[in-house]
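# Structural description and commentary
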Amino acid sequence: MAKKDTTKSATQTKSEVDTKEGEISPEAALLYEKRQFLAKIKRELQRDIDSRRRFDYEWMVREMYRRGYHFSRYQPNSQTIVLASRQNAKIPINIVAAQMRSIRNQVTSFRPKFEVMPRYGTDTSENQARYAGRYLDYWFDKNKIKTRIKETVIQGLTFSVGGPWEIYYDSEAKEVKMYLIDPFDFYVDRFAESFDEAMRCVKAVRTNLGSVRANTDFDKQALGEVTSSQAKLAVSEYKQFIIQAMKVLDSGGFDDTENIILYEGYYKLRDKDGKLFIRKVVWTDQNTTPLIWEDFEDDTFPFVMYRADLNPKDIYGESWMKHVIPINRVIDMLESSVYDYNHRVAKGRIVVDRDSGVRAIHNVHGEIITKNRGSEVKALELPNLPQAVSLQIDRMNRYLEDVGGAHDASLGRVPTGVKAGIGIAELKQADATNQDDLVDNLEDFLEQVGLRVLRCAARNLDTYTFIRAMGVREGEEKYFAVIGSKSGRNKSKKQVKIGPDWVDLAVLGEDNNIRVTIGSWLGYTKEMMQEKTINLLKMGAIDQKTFLRLWEFGDIDKIVQETRKEALLSKNLNMQQQGGQGGNPGEEDQYGLAMTENEMMVMESKDMPVDPHDDHVVHIAIHQDALGQGADELVQKHIERHQVYLEQEYGSSGSVPQEQGQPQPQPGQAPAGPESGGAPGGAPGQAPGGQPPGQLQNPAQGRPPMPGSPLAAIMQGQPVGTGNPFGT
């Protein structure tokens, strides 16, 4: 039997969609369910809004105070905010903002380190976990998360909660993104004791009416119900007061832009089998039918909330700022009183008799005061400012430092008697103890963010995405490709071709275990960090490359190579000088000889012979500097001949080419160099093994230098010498 079409009118009721037989079509039943559900969640949202009104008022006061409006007040009769008073001189001393800036910078002074734990002990699982961590580092830099963290910490110190962050997939950009939500615009189940236990949450933000009407994802029937814009700027009336006070609006309280409040709610429900799922509903105040009605299998919301203040069994805390504002208010009033006193003393007060005829005449000779004869005019002596005022200001400043948790060292002031950087670092460390809750909660917060980012990527990345993870420091760059585990693409590949390059492929899964750490064992000042790293280098606990990276040097690899070469040259030249004192007069300066050979090969294009008695380590190191100056083929062949002799000295076997014009060496005699016509082990103009000129290679069929040799130390990056940062 054909069922009645019940989807034509968006205003039909349940009775109007009944068929003649008393049955309801599935479309009509779904439409009725949507409308009933929307009406229910609207009532629940209004109760959540009313229950949070007290917090909204306190948040408004704290936000205005943080911005510097210490003497602003709310007038309920006119529903406006008066930013300042003109009755008396009032001096706002915004110590709260200075302390908040200090705490925020100290909490965020270290970059968070994401570490993804492998699910299994196999090499493949460990590599995939390593690439997942790299992907989070890339996401961190791509989305400017460092700035977002600072903003979230400010929200946490002001409102007790930061964010939340919404983690979502941008289908146009083809990547996972985040959106920082204002706590005023986010409502949570009022009976929930924690955000994870909440059964509903709603995001209510102001958006443009045109973008709502142009959204193709919205239901067409529901869009027909959206007919006009709204004058309301925010759901929270106190946020609207802030907008009206801080932004230039017309006399009507709003501008001509067509704005509308869009609600996006997420609700935890259970199906008939008891399985938990999330229902997403989007609507406006004008809707009776949802713009979006979507169910998806999940048990968590796409939001992560940062809790800066811990209030057991409650989502919202009292906030750090609530406890320091009263102290700052006392300081404001005391300093304003001191200013008013000094202002009055400077101007002075004059006592005159009534009808004394006092007049003040200002001319080029100064100020002349005239009065009637017999009347008295004198200056009133003001009493001295009580010493208790200054003492109370000092006490309030100490209270503010202790309650706020930021003392002299954290605020940039050097305490009396402390001169060394280590002492300042220890004082900062003491202040950091007061901020352990902020750091610990931030680590937990970022762990949840990382889990949702990887889960969102696993579900939505259906194409190979090229990742350029630049790393924190030089030398940590990594290029690879990622794809979601739910993608239909072939995920068994270990590498994929992106453009002209083959890169490793990482498959991002939904189920991950992430650890985030924030902090450093190197201290809170650069001087303390430098002293610790020098001691660690002397102990041999870190290598030269790590030392230079911690000291923030650039082009570390080149510095390491050059310093090790200099150390090797210094060592060999010192040995020559000591040996020369023993009775080899006339022994040539190996450094000068190698430099002369460089000039003759580069400037005159001469093929210089190799003396078997040369110090081949010194010559190879010096000749390396001649590469890239126009005679690479000639210099490379000369280096290869030195390598043959050097390898012979360290016991390597193999045929030794004969140097032109020199006899073949006998057993026990050093070998001669190769013919000048070509490089051994390769075509003319090539290094052995088909390597291009300019690369340091072993001529004996491309074999590496003997392990333990000085040449191997240069080529393989092993330290030469010990004792200081430069390896000597």
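### Comments concerning the overall build of the chain
Scanning the chain from terminus to terminus reveals 20 helices and 20 strands. Considering only contacts within the chain whose residues lie at least 6 apart along the sequence, 63% involve residues at least 24 apart.

### Notes on the confidence of the model for the chain
Low-pLDDT portions of the prediction should not be read for the details of their coordinates. Mean pLDDT for the chain: 78, with 73% of residues reaching 70 or above. At the level of individual helices and strands, the chain shows its lowest average pLDDT in helix α20 (residues 710-716), which scores 49, and its highest in strand β6 (residues 186-188), which scores 97. Below pLDDT 50 for its whole length, residues 1-17 participates in 32 contacts with residues either more than four positions away or in separate chains. Taken as a whole, residues 652-709 scores under 50 in pLDDT and shows 106 contacts with residues more than four places along the chain or in a different chain.

### Structural notes on the pairing of strand β19 (residues 501-508)
Here strand β17 (residues 478-484) pairs with β19 via five bridges, running parallel. Looking at the pairing, Ile 483 lines up with Val 507 of β19. Here four bridges tie strand β18 (residues 495-498) to β19, and the two strands are oriented antiparallel to one another. Considered in β19, the bridge of Val 496 is made with Val 503. In textbook terms, the turn of a hairpin is the stretch between consecutive antiparallel strands, and for β18 and β19 this stretch comprises two residues, one of which, Gly 499, has a positive phi near 65 degrees.

### Some points on the pairing of strand β9 (residues 276-283)
In regular strands, side chains alternate between the two faces of the sheet. By the criterion of burial, β9 is predominantly enclosed, with seven of the eight residues buried. Inspection of the sheet shows strand β8 (residues 259-270) paired to β9 by eight bridges, in the antiparallel sense. Looking at the pairing, Lys 268 lines up with Ile 278 of β9. Linkage of β8 to β9, two consecutive antiparallel strands, is achieved through a turn of five residues, within which Gly 274 is found at a positive phi near 85 degrees. Direction of pairing for β9 relative to strand β10 (residues 292-296): antiparallel, over a ladder of five bridges. The residue bridging Ile 278 from the neighbouring strand is Phe 296, located in β10.

### Side note on the packing of helix α4 (residues 123-142) against helix α13 (residues 436-460)
α13 packs onto α4 with a crossing angle of 100 degrees between their chain directions and a minimal axis gap of 11 Å. As the angle between them shows, α4 and α13 are arranged roughly perpendicular. Here Ala 132, Tyr 135, Leu 136 and Trp 139 of α4 come into contact with α13, specifically with Val 449, Gly 450, Val 453, Leu 454 and Ala 457.

### Regarding the pattern of salt bridges
In a structure, side chains of opposite charge can pair up when their charged atoms sit close to one another. Counted under the stated rule, the structure contains 30 salt bridges. Arg 279 is the partner of Glu 33 in a salt bridge, and the nearest nitrogen-oxygen pair spans 4.0 Å. One end of the pair, Glu 33, is in helix α1 (residues 26-51); the other, Arg 279, is in strand β9, and 246 residues separate them in sequence. Relative accessible area serves as the criterion here: at 8%, Arg 279 is assigned to the buried category. Close ionic contact of Asp 185 with Lys 239 constitutes a salt bridge, the shortest N to O distance being 2.5 Å. In this pair, Asp 185 is assigned in the loop between β5 (175-180) and β6 and Lys 239 in helix α8 (residues 237-246), connecting sequence segments 54 residues apart. Judged by relative accessible area, which is 9%, Asp 185 ranks as buried.

### Focus on the sheet that holds strand β4 (residues 161-170)
Sheet architecture is open: three strands sit in the order β5-β4-β11, paired in antiparallel fashion. Whereas interior strands pair on both sides, the edge strands pair on one side only; in this sheet they are β5 and β11 (303-307). The average angle at which neighbouring strand axes cross in this sheet is 25 degrees, direction not considered. Relative to β4, helix α5 (residues 145-159) is tilted by about 145 degrees, and along the sheet it contacts β4, β5 and β11.

### A look at the side chain of Gln 240
Considering the arrangement of structural elements, one finds Gln 240 in helix α8. Beyond its immediate sequence surroundings of up to four residues, Gln 240 is in contact with Lys 232, Leu 233 and Ala 234.

### Comments concerning the environment of Asp 309
Structurally, Asp 309 is set in the loop between β11 and α9 (320-347). In this structure, Asp 309 is in contact with Ser 160, Gly 317, Glu 318 and Ser 319, ignoring residues within four places of it in sequence. A polar side-chain atom of Asp 309 sits 3.0 Å from the main-chain amide nitrogen of Glu 318.

Rules behind the numbers
Residues numbered from 1 in each chain as written. Predicted model: local features only at pLDDT ≥ 70, side-chain atom pairs only at ≥ 80, totals over all residues. Heavy atoms only, no water. Helix = DSSP H or I, 4+ residues; strand = E, 2+ residues; numbered from the N terminus. Contact = heavy atoms within 4.5 Å. pLDDT = per-residue confidence, 0-100. Pairing = 2+ DSSP bridges. Buried < 20%, exposed > 50% of the residue type's maximum accessible area, 1.4 Å probe, protein only. Axes fitted to C-alpha atoms, helices over the stretch in contact; angles between N-to-C directions. Parallel < 35°, antiparallel > 145°, perpendicular 65-115°, else oblique. Salt bridge = Lys/Arg side-chain N within 4 Å of Asp/Glu carboxyl O. Polar contact = N/O pair within 3.5 Å; in protein donor to acceptor, adjacent residues only side chain to side chain.

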